[in-house]
Amino acid sequence: MVELSRKEFMRLAALGGAAAGLGLGSTRAAAAVARTGGAARTLIRGADVLTMNPALDELTGVDVLIDNGKIAAIGKGLSAGDAVVVEARGMILIPGMADGHRHIWQCAAAGRLVKTNVKEFAAGYQVWKMKWMPCASAEDHHLAAYYGGLQAIDSGVTALLDVAHGQQTADRALAAARGLKESGIAGWFAYQVSNRCDYGPGDTLPLAEARAQASQFTSDDHWQTVARLQKEVLGDSSGLLQLGIALSVGSKGQPLARVAEQEFGRARAMGIGIITHHANPGPTDVPPGHFGHRGLGLFDLHEAGLLGPDVHCSHGVTATDDELKLMAQTGVMLGATAVAETFPSRPLARRDPAHGRARAFGVRTGIGTDTPLSLTQDYFEHIRASFLSLALDPASEHVASGYHSPDVFDFATRGGYDAIRLGDIGGTIAVGRRADLVLLGTDRPGFPPAGTLADRVVNFAARTDVDSVWVAGRLLKSGGAMVGVDWRSLNARIAAMQARVHAAADTITFT
Ligand SMILES: [Zn+2]
């Protein structure tokens, strides 16, 4: 990939276009469309571009050519040729955004539990999850994942790391992966290799038993599911959605050799590209040589030789400086979720998200939504919260005080893509990058005409400003509407599913 400095770019632009590799004939263009699943050559004309590429910075009134799923040229007065032209004068083109930690399946139940009802959320979240899981079918998971992927795209999120921890059977996991893939989003379907539900509607059982089933160490069954996911749904190594795994809940406290062999070893032997886990404090009485003996267990994993650039931690709010330094040294990624973490699962026991400290130590750091059950899909709110949470945290305010708007936006774009192992692919706008792009309208009341592009976007943008979205050059949202999506019908199906699943869930009694 050729990276131009801003100065070189402006010089070439003045000469009539910083184009590279143009001039495809119509036959080749048609073949490209076929290869990319409908992605056409597209010229976005006259946009103000927030590149998030330090060499290019912000560009005013330029054209961006998408060809074969990638950004083929950026410049003034580019020739459209046979490309579809999108007039974008006065609009702001940003890189598609990344969400580094989201449980997509929960979008089907949005609103049932919310974080502003603090005690109810803290007491009810795990119980809700354990009651929903046996009552939602494979078809329900298919619909939920499809719907959740569409919602992400609609908000300008083009790649995410879905931690699929609500599918206790193979048919549910496969259906969820299919639904997410069909939505057109890029990123990772990271199946959690644990969970079991031996109960169902009408059953009464001790809460401790349900908890134990939800906190399993991995089993052969789970890896058979991983194999099927790889073979039947996510086996194409060039696909936009790739297969990852999430460590089992029960891996904490296990002998490191067992975790190494049965989780890390299996995943790596199968070529799984990302291994994520909830980096939260686990059991406190873990002996030496076991996962979780020290802190978040990162030094334990390191001692066992398991940390590497395919390892992703979510949250990590209690990470010590030494743990963050270790993550940076070993290439481990972090997905912080500012809103979710600021309202933790214990009433008003506030903890502070770690993304500011992590990035200051050199960790590949992004942000995420975590629980669409309870939190908005407007990703710009999460971006702003990621700054606010740092500014309010005594341990991070020195980091936040040196920030400018691009530093904040980086968590969702350049850094955000890097923090889900897609840093070589997207997160910035430059020639050669995948065309994961978002075009924002700027003409609504309250969208400011003044300020840098980053200032305007980071401080004022909202989901409703997202006019168009491309993933790998494929137009998925246009003119403010998702292409080919009937929201009214989908919303009705989701509402009916939610009512049915909750009616069944209400018949389960935990004692
Ligand atoms: Zn989570």
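Quick summary incoming for the structure in this document. (Residues numbered from 1 in each chain as written. Predicted model: local features only at pLDDT ≥ 70, side-chain atom pairs only at ≥ 80, totals over all residues.)

### With respect to the environment of Trp223
To be explicit about the condition: Elements are defined by DSSP. Helices are runs of H or I of four residues or more, strands are runs of E of two residues or more, and each kind is numbered from the N terminus. Any residue pair is listed as a contact if its two C-beta atoms, each placed from the backbone, are within 7 Å.
Here Trp223 is to be found in helix 7 (residues 220–233). Remark: the alpha-carbon pair of Trp223 and Arg266, spanning 43 residues in sequence, is separated by 8.1 Å. The contacts of Trp223, once residues within four sequence positions are left out, are Val193, Thr218 and Arg266.

### Quick look at the packing of helix 5 (residues 170–183) against helix 7
Helix-helix packing is characterised by the crossing angle of the two axes and by the distance between the axes. Filter applied, for reference: To get an axis, fit a line to the C-alpha atoms, keeping to the stretch in contact for a helix; angles then go from 0 to 180 degrees between the N-to-C directions. In this scheme, a crossing is called left-handed if the near helix is turned counterclockwise away from the far one by less than a right angle; it is called right-handed if the turn is clockwise. Throughout, the ten residues Ala, Val, Leu, Ile, Met, Phe, Trp, Tyr, Cys and Pro are labelled nonpolar, Asp, Glu, Lys and Arg are labelled charged, and all others, Gly among them, are labelled polar.
Packing of helix 5 against helix 7 brings their axes to within 10 Å, and their N-to-C directions diverge by 35°. In this structure, the crossing between helix 5 and helix 7 has a hand that is right-handed. Where helix 5 approaches helix 7, its residues Ala170, Ala173, Leu174, Ala177, Arg178 and Lys181 are matched on the opposing element by Gln224, Thr225, Arg228, Leu229, Glu232 and Val233. When grouped by side-chain class, the residues that make up the contact of helix 5 with helix 7 number six nonpolar, two polar and four charged.

### Quick notes on helix 17 (residues 453–460)
Just so we agree on the cut-off: Whether a residue is buried, exposed or partly exposed is read from the other C-beta atoms within 10 Å of its own C-beta, which are placed from the backbone; 20 or more gives buried, 12 or fewer gives exposed, and intermediate counts give partly exposed.
Restricting attention to buried positions, one finds in helix 17 the residues Leu453, Ala454, Arg456, Val457 and Val458. Contacts from the buried residues of helix 17 go to strand 2 (42–50), strand 3 (58–67), strand 6 (92–95), helix 13 (379–392), helix 15 (405–410) and strand 16 (437–440).

### Comments concerning the packing of helix 4 (residues 138–154) against helix 18 (residues 487–505)
Selection rule: Here the angle decides the label: under 35 degrees means roughly parallel, over 145 means roughly antiparallel, 65 to 115 means roughly perpendicular, and every other value means oblique.
Contact geometry for helix 4 and helix 18: axes closest at 11 Å, N-to-C directions at 135°. In terms of orientation, helix 4 and helix 18 fall into the oblique class. When the axes of helix 4 and helix 18 are compared, the crossing they make is left-handed. Residues Asp140, Leu143 and Tyr147 of helix 4 touch helix 18, and the partners they reach there are Leu490, Arg493, Ile494, Met497 and Val501. In the contact of helix 4 with helix 18, the residues fall into six nonpolar, no polar and two charged.

### Notes on the sheet that holds strand 13 (residues 311–315)
As a reminder, the rule being used: A strand pair is defined by DSSP finding two or more bridges across the two strands.
The parallel open sheet is built from eight strands, whose spatial order is 7-8-9-11-12-13-14-15. For this open sheet the edge positions go to strand 7 (97–102) and strand 15 (364–367), each flanked by a neighbour on one side alone. Sheet twist, expressed as the average angle between the axes of neighbouring strands with direction ignored, equals 25°. Examined bridge by bridge, strand 12 (residues 275–279) and strand 13 share five bridges and lie parallel to one another. Paired with His278 across the strands is Ser314, a residue of strand 13.

### A closer look at helix 7
Rules: What a helix should span is 1.5 Å times the count of its residues minus one. Think of the arc as the fan of directions from the helix axis to the C-beta atoms.
End to end, helix 7 covers 19 Å across 14 residues, agreeing with the expected 20 Å (1.5 Å per residue, within 8%). Inspection of helix 7 places His222, Thr225, Val226, Leu229 and Val233 among the buried residues, and these make up the whole buried set. Down the axis of helix 7, the buried side of the element spans an arc of 105°, and every buried residue falls inside it. Away from its buried face by more than 90 degrees, helix 7 exposes Asp220, Gln224, Lys231 and Glu232.

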